[in-house]
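Coordinates in review
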Amino acid sequence: MQSFGARLLERKWLFIALILILIIMPFFLSDFRTNLLGRYLAFAILVIGLDLLWGYTGVLSLGHGIFFGLGAYIMAMYLSMESMAGAVPDFMMWNGITELPWFWMVFSNPIVAILGAIMVPMIIATILAFFIFRNRIRDVYFTILTQALVLVTVTLIVSQQNVTGGTNGITGFSTIFGYSLSSPVTQQILYYISIGCLVGVFFLCSLLVNSRFGKALIAIRDGENRLRFSGYDTSMFKVLVFSVSAGIAGLAGMLFVTQVGIISPTMMGIIPSIEMILWVAIGGRGTLIGPVIGALLTNSAKTFFSETYPDFWLYFLGFIFVIIVIFLPGGLMSLTQKLKQRGGKHEKQAVSTEGKETNHSAVG
Amino acid sequence: MIMQAFNGISLGSILLLIALGLAITFGLMKVINMAHGELIMIGAYSTYVVQIIFSQYLPATMFDWYYFLAIPTAFVVAALIGMLLEFTVIRHLYGRPLDSLLATFGVGLILQQAARSIFGAPNVGVQSPGFLRGGLEIIGVTLPYIRLFIIALVVISFLALAWFLYKTRTGRKIRAVMQNREMATCLGVSSRKVDTITFAIGSGIAGIAGAALTLIGPIGPTIGTYYIVDAFMVVVVGGVGMLMGTVVGALGIGVFNTVFEYWTNASMGKVLVFALIILFLQWRPSGLFSLQSRSLD
């Protein structure tokens, strides 16, 4: 227990250091870079939820782009209604729609919009997860079905062009709660709000995984059948965690759209959804802090590479996927531990093999 | 109505060809091969290359015959690349289905980008052989020869695969490993070798599917991704380890997709099919057919 406590403490300090760096960053970076970093913070929030789901519970979702996108779309609807002040957006006008449809009107109230951006993804996630996990459908099937959900939702959004903006998405916001979105001050405030959300979500999820509930999640990952035979309803745990992580994704989407100013189906498709998984894998699943670092690092690298060598990025992404999964299932976080152990006590085999153990059949 | 049914069967047969390879590799090795779509793409591009070689170096009268060389070429090229993939990446990931999914997705990205570098990002067209132009008229509807040819190709590939799995010695070994890996290994079946062969065959079939897709429309680096999600749905619905399940799953999804699209529109059709699959899984959680086993995994 001692070492576990020490490790936790260490992670906590790591997180505090990270947050401090993020807080002082705007003083050194240009407004443009701060804004970019703010977007990455939205992703960092999202991956905490994803880590809760994949790293701790062992359920892989390739559908988080959708929950992220739903949060973003709902916020985008609100923002564009605020900017238009009663008029309909351009794309509706071109399609001859003069009145806002009901699912736009609902979100004209800011509180409803903020709550909706979190609750709607949660509700959809609960429905999907309930019907899949209820019957003990294999986790792999669940993963495939979440990917199908992405495909279906994206096709739906693209085809309902007259009310969703189609492939162009929703854009052209000018104000948020009365403040101008283009002013650097507003963007900085949004940046700090993102940091606040990151801290809040991280804190909540740390509480969650260190509680008895968190222990049950890890038990589901390592031997679901044993836990089920001990009398736990593992399906409901999984439904709950999936729903929580979808809500976090919705929150992230909401923060994302306020800082980017556009949301379109390409930002929530199959590739973005799976890239989110990569951030978790790179940082280190099952550590909470690892994915946050992974998301920030990978996105910074992506911006750097796509600015200099755009073609190179996909190769790089592909190779990273393969290398991380095969050689470093524990991600960057396990790298520091591996180095520490090699340098220090020569404790072999103590390195977490969490990723490997999960899928062996628990009961023959 | 006949037209709808025909279109459904046509779509279903393509899905079947794609899903067969997936079903075998998933059933046998518990590996989710996300790069399967890129193997389709490789098959399609090798057909394209064969066509170019024919049109440049051989007399025009020979051109129509290129397709009969293109199919085996697509099979062999895709199978070789699949073998390489198995040897370099998938070998390390047995028993970790979710990890295999991520790693093969990475491989898929690399292959897509490679295709983009070699053949360019825009789609390229493959000219279908002359004898497939036109169609067969039955009771007032015209069934395009191309579609009929694809259905025939799928039937032949399926029969060949079934014969291979159920009538040959290697096929028996594959089925043995699929049913109980440990026991088969104890009885002297080299599961390593079986894995490699199976993966190569699954990839080869994807290559044939790619060759078939060139007849339908232009091909591009992302051609596989259009079909791969649907093909995974077929595997989920049909269950793993049984060829019959894949057939019923593929035709079912193909027909329902076409019918729903006819009733509503393309996107609502997809939504309805997805809802139907979720409902179906309430009734049959492990798919239509699956190997009966007492083990708990």
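What you see is a predicted model, and the numbers here were worked out from it, not measured in a lab.

Right, let's talk about the overall build of chain A for a bit. Of regular secondary structure, chain A possesses 16 helices and 4 strands. Relative to a compact globule of 364 residues, whose C-alpha radius of gyration would be 21 Å, chain A shows 21 Å and is just as compact. Dimensions along the principal axes, computed over C-alpha positions, put chain A at roughly 70 × 50 × 40 Å. Sorting the 364 residues of chain A into buried and exposed places 46% on the buried side. By sequence separation, contacts in chain A at least 24 residues apart represent 81% of the contacts at least 6 residues apart.

Secondary structure summary: chain B contains 11 helices and 2 strands in total. What you see in chain B, going N to C, is helices and strands ordered as α-α-α-α-β-β-α-α-α-α-α-α-α. The C-alpha radius of gyration computed for chain B amounts to 19 Å, which stays within 12% of the reference 19 Å derived for 297 residues, consistent with globular compactness. Projecting the C-alpha coordinates of chain B onto the three principal axes gives extents of approximately 55 × 45 × 35 Å. Split into buried and exposed, the 297 residues of chain B put 48% on the buried side. Considering only contacts within chain B whose residues lie at least 6 apart along the sequence, 77% involve residues at least 24 apart.

Counting 196 residues, the largest nonpolar core has Ile45(A), Leu46(A), Val47(A), Ala252(A), Leu15(B), Ile18(B) and Ala19(B) as its most contacted members. Beyond its immediate stretch of four places on either side in the chain, Val47(A) contacts Met276(A), Trp279(A), Val280(A), Pro291(A), Val292(A), Gly294(A) and Ala295(A).

Attention now goes to the confidence of the model for chain A. Close reading of the predicted structure is inappropriate where its pLDDT is low. Averaged over chain A, the pLDDT score is 85; the fraction of residues at 70 or greater is 91%. The least confident element of chain A is helix H16 (residues 354-357) of chain A, whose mean pLDDT is 40; the most confident is helix H11 (residues 234-260) of chain A, at 94.

Another point: helix H7 (residues 139-159) of chain A. For H7(A), built from 21 residues, the straight-helix expectation of 30 Å at 1.5 Å per residue is met to within 8% by its first-to-last C-alpha distance of 30 Å. Among the 21 residues of H7(A), 17 are classified as buried, and the element is accordingly described as predominantly covered.

All names here are of chain B. Remark: helix H1 (residues 2-29) packs on helix H9 (residues 223-238), axes separated minimally by 8 Å, with the N-to-C direction vectors making an angle of 60 degrees. Relative to H9, H1 is oriented oblique. The interaxial crossing formed by H1 with H9 has right-handed handedness. Packed against H1, whose contacting residues are Leu 15, Ile 18, Ala 19, Leu 22, Ala 23 and Phe 26, the element H9 presents Tyr 227, Asp 230, Ala 231, Phe 232, Val 234, Val 235 and Gly 238 at the interface. Across the contact of H1 with H9, the residue classes break down as 11 nonpolar, 1 polar and 1 charged.

Glancing now at helix H6 (residues 169-179) of chain B. Residues and elements named next belong to chain B. Buried within H6 are the following residues: Lys 173, Ile 174, Val 177 and Met 178. Down the axis of H6, the smallest arc covering the buried residues is 135 degrees, so these residues share one side. For H6, the elements touching its buried residues are H1, helix H5 (145-167), helix H7 (181-186) and helix H8 (191-216).

How big an interface is tends to be expressed through the accessible area that disappears when the partners come together. The interface of chain B with chain A comprises 35 residues on the first partner and 38 residues on the second. Listing elements by their share of the side of chain B that touches chain A, those giving two or more residues are helix H4 (97-119), H9 and helix H11 (266-283) of chain B. Looking at the side of chain B that touches chain A element by element, the count peaks at 13 residues for H4(B).

Quick look at the pairing of strand E2 (residues 141-144) of chain B now. The two faces of the sheet receive side chains in turn, since in a regular strand these alternate between them. Residues and elements named next belong to chain B. The pairing of strand E1 (residues 135-138) with E2 spans 4 bridges and is classified as antiparallel. Bridging across to E2, Glu 137 finds its partner in Thr 142. Counting the residues in the hairpin turn of E1 and E2 gives 2 residues, including Ile 139, whose phi is positive at 35 degrees.

As a further point, take the packing of helix H12 (residues 270-283) of chain A against helix H13 (residues 289-308) of chain A. Residues and elements named next belong to chain A. Where H12 contacts H13, the two axes come as close as 7 Å, and the packing angle between them is 115 degrees. Crossing angle aside, the handedness with which H12 passes H13 is right-handed. Contacts between H12 and H13 involve Leu 278, Trp 279, Val 280, Ile 282 and Gly 283 from the first element and Gly 290, Pro 291, Val 292, Ile 293, Gly 294, Ala 295 and Thr 298 from the second. Taken together, the residues of the contact of H12 with H13 break down into 8 nonpolar, 4 polar and no charged.

What counts and what doesn't
- Residues numbered from 1 in each chain as written.
- Chains lettered and ligands numbered in written order.
- Predicted model: local features only at pLDDT ≥ 70, side-chain atom pairs only at ≥ 80, totals over all residues.
- Helix = DSSP H or I, 4+ residues; strand = E, 2+ residues; numbered from the N terminus.
- Rg over C-alpha atoms; globule rule 2.2 N^0.38 Å.
- Buried ≥ 20, exposed ≤ 12 C-beta atoms within 10 Å, placed from the backbone.
- Contact = placed C-beta atoms within 7 Å.
- Core = buried A, V, L, I, M, F, W, Y, C linked by C-beta atoms within 7 Å.
- pLDDT = per-residue confidence, 0-100.
- Expected span 1.5 Å × (residues − 1).
- Axes fitted to C-alpha atoms, helices over the stretch in contact; angles between N-to-C directions.
- Parallel < 35°, antiparallel > 145°, perpendicular 65-115°, else oblique.
- Left-handed = near helix turned anticlockwise from the far one by under 90°.
- Nonpolar A, V, L, I, M, F, W, Y, C, P; charged D, E, K, R; others polar.
- Arc of directions from axis to C-beta.
- Pairing = 2+ DSSP bridges.

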